[in-house]
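# An overview of the molecular structure
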Amino acid sequence: MKSILVINGPNLNMLGKRPKEHYGTKTLDEINDLMYKELALDIKIEFYQSNSEGDIVTKIQEAVLNSYSAIIINPGAYTHTSVAIHDALEMFTGLKIEVHLSKVDEREDFRKINFVRDVCDKTFSGKKEESYLDAIRYLNESLKD
Ligand code: DQA
């Protein structure tokens, strides 16, 4: 069975309390529910969130060893800082989808630095929770036999 690992980085567990103009009003649990509902029936999904860079690297390494079909990752602020997450993603041979709630390329200059984009196959950003749902729709199509 095809399988997707969804990884959310720091502060994404606090959605609902973060600035609504960038991140919307939904909590992470609500977004995960919406993703689950959007997912094709024959694909498995696992949700993971951590505020720790090392834990995210370890989780990606597990995905490398356990051959998931795809990773959807919103690395949060680590997008702009983490060579370690870049290097871990580089090892994963399945599909890699970068997701952001906000228009990350149109905000402060420091958010324009991006360590994950060049190791991902596709990016969905700027549509709040819809960015995640677009990622699921894309994978529903791409993982079809
Ligand atoms: C984010 C954008 C990042 O710049 C920020 O640090 C986040 C969330 C987004 O989803 O728009 O925590 O990745």
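Data block above holds the structure.
No experiment lies behind these values; they were computed from the predicted model shown.

### Considerations on the pairing of strand β3 (residues 70–74)
With five of five residues buried, β3 is to be regarded as a mostly interior element. Here β3 shows two buried faces, one formed by A70, I72 and N74 and the other by I71 and I73. Here strand β1 (residues 2–8) pairs with β3 via five bridges, running parallel. Looking across to β3, one finds that I4 is bridged to A70. Read as a crossover between parallel neighbours, the route from β3 over helix α4 (residues 83–91) to strand β4 (residues 95–100) is right-handed.

### Looking at the pattern of salt bridges
In the structure shown here, the tally under the stated rule is twelve salt bridges. Taking the shortest distance from any N to any O, the salt bridge between D105 and R117 comes out at 3.2 Å. Of this pair, D105 sits in the loop between β4 and β5 (122–125) while R117 is found in the loop between β4 and β5, placing the two residues twelve residues apart along the sequence. According to the relative accessible area criterion, D105 is partly exposed, its value standing at 36%. Its relative accessible area of 29% is what places R117 among the partly exposed residues.

### A short note on helix α5 (residues 129–142)
Across its 14 residues, α5 extends 20 Å between first and last C-alpha, which sits within 8% of the 20 Å expected from 1.5 Å per residue. Within α5, the full set of buried residues consists of E129, S131, Y132, L133, D134, A135, I136, L139 and N140.

### Overview of α4
Looking only at α4, the buried set comprises I85, H86, A88 and L89. Looking down the long axis of α4, one finds its buried residues gathered within 165° of arc, a one-sided arrangement. As for α4, its buried residues are in contact with α3 (53–66), β3 and β4. N-cap assignment for α4: the residue whose side-chain oxygen lies 3.4 Å from the backbone N of A84 is S82.

### Concerning the environment of I4
Topologically, I4 is positioned in strand β1. Taking relative accessible area as the criterion, I4 reaches 0% and is therefore assigned buried. Along the backbone, I4 and L39 are 35 residues apart, and their C-alpha atoms lie at a distance of 9.8 Å. Excluding residues that lie within four positions of it along the chain, I4 makes contacts with L39, I43, K44, I45, E46, Y68, A70, I72, I136, L139 and L143.

Cut-offs applied
- Residues numbered from 1 in each chain as written.
- Predicted model: local features only at pLDDT ≥ 70, side-chain atom pairs only at ≥ 80, totals over all residues.
- Heavy atoms only, no water.
- Buried < 20%, exposed > 50% of the residue type's maximum accessible area, 1.4 Å probe, protein only.
- Helix = DSSP H or I, 4+ residues; strand = E, 2+ residues; numbered from the N terminus.
- Pairing = 2+ DSSP bridges.
- Right-handed = clockwise from strand over helix to strand, strands pointing away.
- Salt bridge = Lys/Arg side-chain N within 4 Å of Asp/Glu carboxyl O.
- Expected span 1.5 Å × (residues − 1).
- Arc of directions from axis to C-beta.
- Contact = heavy atoms within 4.5 Å.
- Polar contact = N/O pair within 3.5 Å; in protein donor to acceptor, adjacent residues only side chain to side chain.

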